[in-house]
Structure formats: structure tokens, C-alpha cells
Amino acid sequence: MTLPEAIAGVLPIGGVAGEIVAAVIGAAIIGTIMLTNTAVAGPWAKRKITAAFTDRIAVNRVGPFGLLIIVADAVRLLSKELIVPEGVDRPAWDLAPMVLASSALLGFAVIPMGSIFGVNMQLADPETGLAFVFAIASVASLGLVMAGYASNNKYSFLGGLRAVAQNLAYEIPLVLTGLSVVIFAGTLQTSEIVAAQSETLVSLGGLAIPSWFAFVNPFAFVLFVLANLAEVGRNPFDIPEAPTEIVAGYQTEYSSVYFVLIYLGEFVHIFLGGAIIATIFLGGPAGPVLPGFIWFLIKIWAVFLFTQWARSAVPRVRIDQLIEIGWKGMLVLAFANLVLTAVIVGVIA
Amino acid sequence: MVNAWIAIGALALVAVIIPLSMMLISSLLRPSVPEQGKRATYESGEVPTGSSRHIQFNIQYYMVALLFVVFDIETVFIFPWAVIYGDAVGEVGLVRALVPMLVFIGILVVGLAWAWRNGAVEWVRSPRAESQRVDRDI
């Protein structure tokens with residue numbers, strides 16, 4: 001039973017109207033959860049993590065542990081003047097931040113977030129779930145191109161081009177590696193993929209290791225995590241922004257609420273990447289003792305921490321190295337992984 | 001039973017309303033102080049010259065995009081195969097389930113090898129960048 005169905009069971013309205021109302025309430029809950037995560041991650045956790053990696057003290061004045069910086073930053077950024085640069089391509093320039101923020105949020109529609117208080121937090125569970133989430137996650141590239149082209153800024157334009165080249169190079173390894181999991185699970189339905197990982201792989205001294213695909217196929221897991229770093233544009237693959245080369249890439253000309261939306265879109269996208277990794281490699285919301293939803297949050301935050309770690313620790317690659325790693329390295333490895341997985345599954349089955 | 005696509009549509013609605021409401025709040029809060037020169041695009045302090053949409057850029061971006069189209073369509077074909085593969089092996093045997101896809105992937109790999117050999121995935125440097133290149137011995 002999905003979240004809207006649970007809500008529809010409580011609502012006094014029946015029929016299609018009840019379905020729609022329940023779906024909107026469920027969607028609002030999922031949207032709020034992801035916004036809250038992003039609000040904690042962007043202004044607070046990111047600064048704290050970066051400070052810890054570079055041996056500094058970050059936000060600690062406003063509220064306990066500096067947590068109220070979230071409120072302060074929200075008010076500060078939203079009340080900034082919106083400067084519209086000369087010669088911007090108007091509808092595209094305004095739409096780009098919306099495309100980035102909306103597409104990343106929409107991806108969470110099919111993610112199984114586990115249950116808490118007996119309610120399954122998954123919004124929808126279509127049979128094509130995994131294909132849907134891959135499709136939605138790559139819409140962000142469109143937003144980057146729009147932002148880069150429409151800004152009428154040479155840095156933005158270069159940033160937009162780099163964003164396309166990067167996302168194109170890493171999209172195929174990402175999807176192919178995801179497909180190697182589909183071969184194991186035999187379905188694209190996200191809840192079924194999670195269910196396929198619930199059996200015990202091996203028992204080590206009474207400790208049961210679940211058959212998470214990260215354990216079944218660690219090679220695919222490493223490939224996917226790397227391709228995901230490129231997909232969300234974090235070091236070593238942050239050349240679309242590259243602050244020391246092209247100012248801030250596609251977001252150079254954005255201020256005020258548009259900057260907030262682009263930033264929000266980026267962070268939701270990192271969490272979406274984490275959610276995909278959790279779903280297809282880390283057993284979704286599975287875990288001992290704690291409720292599934294808490295485990296889901298732990299897993300997406302672990303991936304977030306990993307991206308921030310990479311951001312602090314790994315130097316940026318050049319564009320030629322990026323193309324080389326993507327098309328000559330990861331693509332070939334992704335194909336090898338797919339074919340080997342198919343052969344192994346075929347021989348066992 | 002709530003239709004999955006109604007729920008997804010509802011989240012699409014929410015995902016559009018959230019940015020719009022943030023824009024609305026911001027438009028109520030923010031000042032507007034138009035000033036001379038404020039609207040110039042940022043170029044690290046230089047006065048911008050010319051439009052950004054007429055600059056020349058590396059042809060390589062185009063080559064990579066072409067290559068992507070081929071492989072992206074290919075992944076679309078691999079999707080349904082990956083879903084039914086496990087069952088298909090049980091029904092028609094390993095060879096009939098696997099070999100056609102191996103041939104399909106093989107053709108594309110040959111294509112990639114060809115593109116690789118002919119330098120489509122090699123980053124082309126402009127003659128100017130090449131002349132300014134400094135080789136360091138480390």
C-alpha cells in the first residue's frame with residue numbers, strides 16, 4: 001500500500017476526487033520531507049561538513065549548533081534584489097531555475113522510502129519506476145543548458161556546454177550499470193527491486209549479510225557511485241561550475257530567489273542520486289531495529305556525506321580528462337559489467 | 001487503489017508550486033533599486049564585449065553529443081531485454097536469450113572502437129591552445 005492509498009483510506013471522500021486529494025496530500029508530505037532535508041543540508045550541514053574536513057569552525061553563532069542559520073539564510077537570500085542582466089533570453093532564463101528544482105523533486109515520486117508508524121512512505125509504485133526516475137533525473141541537464149545559454153554570459157555559456165558534455169558522458173554508464181541490477185531483479189518496479197534484496201546472501205558467524213546489490217555486485221556499485229558523482233556535478237566532476245575557472249558556470253548571473261532555486265535543485269538532485277543508490281544497491285529502506293524510513297534517511301545522508309567528502313578531498317579533472325574517463329573508461333567498464341552480469345545470471349538461472 | 005500516475009502528477013504539481021511560492025514570497029520581500037551598470041553581465045570586472053551567443057566553442061562538444069544519441073537509443077533497447085532476461089533464460093535457454101543481445105552490443109562496441117580510433121572521443125585542442133602548451137617534466 002502506497003502513501004496516497006493510506007491517506008485515501010482515512011479521507012471521507014471516495015472516488016476519483018478522493019484519489020486526487022489523497023495524492024496531492026501525499027505529494028505535499030513527500031515534497032516537504034525533501035525540502036526539509038535540503039534546508040538542513042544546504043545552509044547548515046554542508047558548511048559544517050566542509051569545515052570539519054578543512055579543520056575550521058563553521059556556523060556556530062545563530063541558535064544551537066548554528067542551526068538557526070537555516071532560517072537566517074532563507075530570509076536573507078529570498079529578500080535579495082533580483083538583478084536581471086542585460087540581454088538575457090527571458091522565458092528560458094526564468095524557467096531554468098524552476099526546471100532544475102522541480103525535476104529533482106519529481107524524481108522522489110517512485111522512491112520507496114520505507115515505512116514509519118505503519119505507513120509506507122512511497123508515493124507511487126508504477127511498473128516502470130526505475131526508467132521513470134532515470135528519465136526525470138536527467139531532465140536537470142536541460143535546465144543547465146537553458147541557464148547557460150539564456151544568461152548572455154560567456155562563463156555561463158561555457159558552463160552550460162561543459163554540463164552537457166559531462167552529463168552525456170556519464171549518463172550511459174549510469175543507466176547501463178543500473179540495468180545490470182535490473183537483470184538480477186527482473187523488474188523495473190522499485191518496490192520489487194527492494195524486495196529482491198531482502199534475502200540473506202551469506203551468514204558470517206551468526207551475522208546475516210543481506211543480498212543488497214552492493215554486496216552481490218560491488219563492481220557495479222563503485223561504477224554507479226562514480227557516475228552519480230558526475231551526474232550531480234561534484235568533485236572530481238565539478239567542471240560545469242568550476243569556481244576557479246569560470247566563476248560559477250551556468251549560475252553566474254542568477255541572484256536572489258533564482259539562485260536559491262538552482263541551489264535547492266542541486267541539493268535535491270544529490271539526495272535523489274542518493275535515493276537511487278539506496279534503492280537499487282543498498283536494499284532501499286531495509287535495516288535492523290530502526291524503522292525503514294529512518295534507515296532510508298541515513299542512507300541518503302551517507303551518500304550526501306560522500307559527495308561532500310569527495311568535494312573536499314579530490315581535485316577537479318580537466319574537460320579532456322573528463323571525456324576520456326567517461327567515454328573510454330566508464331563506458332567500456334559499464335558494458336563489461338552488463339555483459340558479465342548477464343552471463344553469470346544466465347549460467348546460474 | 002490510487003493510480004500511480006495520479007500520484008506522480010500530484011507530485012509534479014507540488015514540485016511546480018514550491019518554486020512558484022518561493023518566487024512569490026521573494027517578490028514581496030525584495031527591494032528593487034535599478035542603477036546604471038548593475039545589469040551588466042559579470043566578467044570578472046571587465047566590461048563585457050559582444051554577445052555570448054556568438055562566441056566560438058570547441059567542435060568536440062558536438063561530436064560527443066552525436067555519439068551520445070547512438071548509445072542512448074541503444075540503452076532504450078537494452079531496458080526491456082534486461083527486465084525479461086531472467087525469465088527468458090528459463091524458457092528458451094541461455095544461448096537464445098543472450099547471444100542476440102551480445103551481437104547488438106558487439107555492433108555498438110565496434111562503433112565505439114571506430115569512433116575511438118578516429119579520435120571522436122579525443123579532446124581536440126585549438127592550434128592556439130596547442131602553441132601555448134607547456135610540457136612540464138615532473
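All of these numbers come straight from a predicted model, not from anything done at the bench.

## Remarks on the overall build of chain A
No. 1: Looking only at helices and strands, chain A features 14 helices and four strands.
No. 2: Taking 2.2 N^0.38 as the reference for a compact globule, 349 residues should give roughly 20 Å; the C-alpha atoms of chain A span a radius of gyration of 21 Å, in line with that estimate.
No. 3: Expressed along its principal axes, the backbone C-alpha trace of chain A runs to roughly 60 × 55 × 45 Å.
No. 4: Nonlocal contacts in chain A, meaning residues at least 24 apart in sequence, comprise 74% of its contacts between residues at least 6 apart.

## Focus: the packing of helix α14 (residues 319-348) of chain A against helix α2 (residues 60-92) of chain B
For any two helices packed against each other, one specifies the crossing angle of their axes together with the interaxial distance.
No. 1: α2 of chain B packs onto α14 of chain A with a crossing angle of 15° between their chain directions and a minimal axis gap of 12 Å. If you check the angle between α14 of chain A and α2 of chain B, you find them roughly parallel. Once α14 of chain A is placed against α2 of chain B, the crossing between them reads as left-handed. Contact residues: α14 of chain A offers I323, A342, V345 and G346 of chain A, while α2 of chain B offers V64, Y85, G86 and V89 of chain B.
No. 2: Each residue belonging to the contact of α14 of chain A with α2 of chain B can be placed in one class, and the counts come to six nonpolar, two polar and no charged.

## Notes on the environment of F304 of chain A
Residue and element names in this part refer to chain A.
No. 1: Mapped onto the secondary structure, F304 falls in helix α13 (residues 292-313).
No. 2: The exposure class assigned to F304 is buried, which follows from the 23 C-beta atoms found within 10 Å.
No. 3: For the pair F304 and L174, spaced 130 residues apart in sequence, the C-alpha separation works out to 18 Å.
No. 4: When near neighbours in sequence (up to four residues on either side) are disregarded, F304 contacts A41, I270, F271 and G274.

## Considerations on the confidence of the model for chain B
Residues and elements named next belong to chain B.
No. 1: Across chain B, the average pLDDT comes to 82, with 92% of residues at or above 70.
No. 2: Within chain B, the element-level pLDDT minimum falls on helix α4 (residues 127-131), averaging 72, and the maximum on helix α1 (residues 4-29), averaging 89.
No. 3: What the predictor reports for the complex is a pTM of 0.89 with an ipTM of 0.86.

## Considering helix α3 (residues 94-117) of chain B
All names here are of chain B.
No. 1: Between its first and last C-alpha atoms α3 spans 33 Å; for 24 residues at 1.5 Å apiece the expected length is 34 Å, and the two agree.
No. 2: The set of residues buried in α3 consists of A97, L98 and L112.
No. 3: Where α3 terminates, the next one or two residues include G119, which has phi positive at roughly 80°.

## A look at the packing of helix α10 (residues 218-231) of chain A against α14 of chain A
Residue and element names in this part refer to chain A.
No. 1: Running from N to C, α10 and α14 point in directions that differ by 145°, and their axes come no closer than 11 Å. Crossing angle aside, the handedness with which α10 passes α14 is left-handed. Note on element contacts: α14 touches α10 through M330, L333, A334 and N337, opposite F219, A220, L223, L226 and A227.
No. 2: Considering only residue class, the contact of α10 with α14 consists of eight nonpolar, one polar and no charged.

## Notes on the pairing of strand β4 (residues 207-210) of chain A
Residues and elements named next belong to chain A.
No. 1: For strand β3 (residues 200-204) and β4, the ladder comprises four bridges, and the chain directions are antiparallel. Looking at the pairing, T200 lines up with P210 of β4.
No. 2: Taken together, β3 and the strand that follows it, β4, pair antiparallel across an intervening segment of two residues, in which G205 is found at a positive phi of about 55°.

## Things to note about the interface of chain B and chain A
No. 1: With 62 residues of chain B at the interface, the matching set in chain A holds 75 residues.
No. 2: Of all the secondary structure elements, the ones that give two or more residues to the side of chain B that touches chain A are α1, α2 and α3 of chain B.
No. 3: Ranked by residue count, the leading element in the side of chain B that touches chain A is α1 of chain B, at 19 residues.
No. 4: Classifying every residue of the side of chain B that touches chain A gives 46 nonpolar, ten polar and six charged.

About the thresholds
Residues numbered from 1 in each chain as written. Chains lettered and ligands numbered in written order. Predicted model: local features only at pLDDT ≥ 70, side-chain atom pairs only at ≥ 80, totals over all residues. Helix = DSSP H or I, 4+ residues; strand = E, 2+ residues; numbered from the N terminus. Rg over C-alpha atoms; globule rule 2.2 N^0.38 Å. Contact = placed C-beta atoms within 7 Å. Axes fitted to C-alpha atoms, helices over the stretch in contact; angles between N-to-C directions. Parallel < 35°, antiparallel > 145°, perpendicular 65-115°, else oblique. Left-handed = near helix turned anticlockwise from the far one by under 90°. Nonpolar A, V, L, I, M, F, W, Y, C, P; charged D, E, K, R; others polar. Buried ≥ 20, exposed ≤ 12 C-beta atoms within 10 Å, placed from the backbone. pLDDT = per-residue confidence, 0-100. Expected span 1.5 Å × (residues − 1). Pairing = 2+ DSSP bridges.

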